[in-house]
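# Chain and residue survey
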Amino acid sequence: MLCAISYIFSIRRIPYFCIIKTVTMEKVNTGKRSYLFLITFVSAMGGLLFGYDWVVIGGAKIFYEPFFNITDSAALRGWAMSSALIGCLAGALPSGAWSDRYGRKKMLIAAAALFTASAYGTGAVDSFTWFIVYRILGGLGIGIASNISPVYIAEVSPAPVRGRFVALNQLTIVLGILAAQIANWQIGDYYMPDKNTLPSESIEWAWRWMFWAELIPAGLFFILSFIIPESPRWLAINGKKAPARTIFARIGGDGYAEAELTGIDTLRITREKNDWKALLKPNVRKTLITGIVLAVFQQWCGINVIFNYAHEIFSAAGYTVSDVLMNIVVTGVTNVIFTFVAIFTVDKWGRKALMYAGSAGLAVIYAIMATGYYLQLSGWPMLLLTVLAIACYAMSLAPVVWVVLSEIFPAGIRGAAMAVATFFLWTACFILTGTFPLLNKYMGASGTFWIYGGICVAGFLFIRSRLPETKGKSLEEIEKELTG
């Protein structure tokens, strides 16, 4: 277990160093760059916990199911897997309005506290009921973090590097996923010397340590979230110009601070109050619908099925428990590697180019996968196609949708609008997760992936007709174009 944790932290240092190095080529004050990186990194830790908490249960299920004696109950097994989604939905919607009213920082602190409580409580309980309660608490943390972290990063990042830094949040999500996969694999190996049997000790303890391992990043996030400043844009919007100017100056210098405050002031006459009614006004509604469709498309493109049902997919291919956990790690490594493609290209190629590549690429891959399943292919060809699909998603739809959502909504209601889009994202995820077993049963894997391919084609057409290009523009410029 210690080896797994040290490996996780060692691979995390390399990506962030690379990001800092590439940022030096952008027009950001050199002396201020480390401060910008620090506050975006801390906020992005919400993504790290989001990824870990979301995926850890997939590896833990083979141990906690016999412990709670739910192996023979499909309903209870499904409830254990999906209960966190209830928390996601409950946390996403109100957190946006709360962040518009009370600030982004307070909501990040709340998310960190929920992650910490969930990590400890889920691993400590002996009751299935309390197991579900703590999973829902973790879901609340995911719902809040998935909403607030990208908004915070977008609001503190200069326009030339905003896409890259918001994509950093997606990088931490996939690193959290990989961390959970490695922890599950290593802990599972430790407690299962015989790879084909589950000793009583593994049933008692393996799943607990998988959840408890989350306490390290969760505790660190909780402590550091008190150190970062409030979003300077939120401060300026709420009439607190002096502290906003100070924070902007620390990010980019005095000239940058004045330019940002001037840009914010030009929108004062058009900015809406932070209430829900403002979301329905004509100049906002079209943008909100665009955000909702993109959020739903990110889920219905089908990739999360691979993560949620990876154990079943690889088991059906004849792999042992240990091999399954190892293969899941392979998909996690792929996820991380290709997220870097998005980070290094989103501010160069633009948002639309990457979204085109993702939707079209997945449509082609799914067509090949569907054909492979129809011809009853198995083994490494299908594994390779799975890895290619994850790679395509990781370099495009996964990070870029979060970037776009954090950019397109008006400043005064950004938190509330982001919350609505995030709520629909988690609703779409819930529907995707729930419908896959039914689609797979009645249409087979071939028919199911033809459906996902069709959704990707529809997504491509929507992106072509409705998605604005936001590369290199300030948030205020984007707001003028979309709602002016």
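See above for the structure.
As a starting point, this report considers the structure included with it. Just so it is clear, the structure is predicted and the values come from calculations on it, not from any experiment.

## A closer look at the side chain of S406
- Position of S406 relative to the elements: it lies in helix α18 (residues 397-408).
- Of the residues examined, S406 reaches a relative accessible area of 0% and is grouped as buried.
- At a separation of 2.7 Å, a polar atom in the side chain of S406 contacts the main-chain carbonyl oxygen of V403.
- Those residues within four positions of S406 in sequence are excluded, and the remaining contacts are P150, V151, A154, V166, R414, M418 and L475.

## Side note on the environment of L178
- Within the secondary structure layout, L178 lies in helix α6 (residues 162-191).
- In sequence terms L178 and T334 are 156 residues apart; their C-alpha atoms lie 9.4 Å from each other.

## What about the nonpolar core?
- Among the nonpolar cores identified, the biggest contains 147 residues, and W54, Y64, F131, L362, Y366 and W426 are the most heavily contacted of them.
- It is helix α2 (residues 33-67) that contributes the most residues to this core, 20 residues altogether.
- Ignoring any residue separated from it by four or fewer positions in sequence, one finds F131 in contact with I57, Y64, F68, A80, T122, V125, W207 and F211.

## Regarding the environment of A112
- In this structure, A112 sits in helix α4 (residues 104-124).
- A112 sits in the buried class, given a relative accessible area of 0%.
- It is 9.5 Å that separates the C-alpha atoms of A112 and I142, two residues lying 30 residues apart in sequence.
- Beyond its immediate stretch of four places on either side in the chain, A112 contacts A218, F221, F222 and S225.

## Some details on the environment of S146
- Relative to the helices and strands, S146 resides in helix α5 (residues 128-156).
- S146 gets classed as buried once you look at its relative accessible area, which sits at 2%.
- Between the C-alpha atom of S146 and that of W402, which follows or precedes it by 256 residues, the distance is 8.9 Å.
- Excluding anything up to four places from it in sequence, S146 contacts F50, W402, M418, T422 and W426.
- Looking at S146, its side chain comes within polar contact range of the side chain of W426, at 3.1 Å.

## Considering a nonpolar patch on the surface
- Together, L76, W79, I86, W300, F430 and I431 make up a nonpolar patch on the protein surface, roughly 500 Å² of accessible area in all.
- Only α3 (74-102) and α19 (414-466) provide two or more residues apiece to the nonpolar patch.

## Examining α3
- Taking 1.5 Å of rise per residue, 29 residues should cover 42 Å, and α3 covers 42 Å from first to last C-alpha, within 8% of that figure.
- The sharpest bend along α3 reaches about 40° and sits at M81.
- After α3 finishes, the residue G103 shows a positive phi value of roughly 115°.

## A word on the state of the cysteines
- One pass over the full model with this rule turns up zero disulfides.
- Cysteine C88 shares no disulfide, and the gap to the nearest cysteine sulfur, in C429, comes to 7.5 Å.
- Residue C88 is classed as buried on the basis of its relative accessible area of 0%.
- Of all cysteine sulfurs in the structure, the one in C456 sits closest to C301, which takes part in no disulfide; the separation is 5.4 Å.

## Re the pattern of salt bridges
- Under the counting rule described, the total for this entry stands at 14 salt bridges.
- Note that D100 is salt-bridged to R104, the shortest N-O span being 2.7 Å.
- For R104, a relative accessible area of 0% gives the class buried.
- Here R208 ties to D126 by a salt bridge, and the two come within 2.5 Å at their closest N and O atoms. Residue R208 is found in helix α7 (residues 200-212), and its partner D126 is found in the loop between α4 and α5; the two are separated by 82 residues along the sequence.
- On the accessibility criterion, R208 (3% relative accessible area) is buried.
- Relative accessible area serves as the criterion here: at 58%, D126 is assigned to the exposed category.

## A short note on helix α16 (residues 351-374)
- With 24 residues, α16 should cover 34 Å at 1.5 Å per step; its first-to-last C-alpha distance of 34 Å lies within 8% of that length.
- Of the residues flanking the end of α16, it is Q376, one or two places downstream, whose phi is positive at about 65°.

What counts, and where the lines are drawn
Residues numbered from 1 in each chain as written. Predicted model: local features only at pLDDT ≥ 70, side-chain atom pairs only at ≥ 80, totals over all residues. Heavy atoms only, no water. Helix = DSSP H or I, 4+ residues; strand = E, 2+ residues; numbered from the N terminus. Buried < 20%, exposed > 50% of the residue type's maximum accessible area, 1.4 Å probe, protein only. Polar contact = N/O pair within 3.5 Å; in protein donor to acceptor, adjacent residues only side chain to side chain. Contact = heavy atoms within 4.5 Å. Core = buried A, V, L, I, M, F, W, Y, C linked by side-chain atoms within 4.5 Å. Patch = residues over 30% accessible without salt bridge, like charges linked within 9 Å, V, L, I, M, F, W, Y side chains within 5 Å. Areas by Shrake-Rupley, 256 points an atom, 1.4 Å probe, with all protein chains shown as cover. Salt bridge = Lys/Arg side-chain N within 4 Å of Asp/Glu carboxyl O. Expected span 1.5 Å × (residues − 1). Bend = angle between axes of the 7 residues up to and from the residue. Disulfide = S-S within 2.5 Å.

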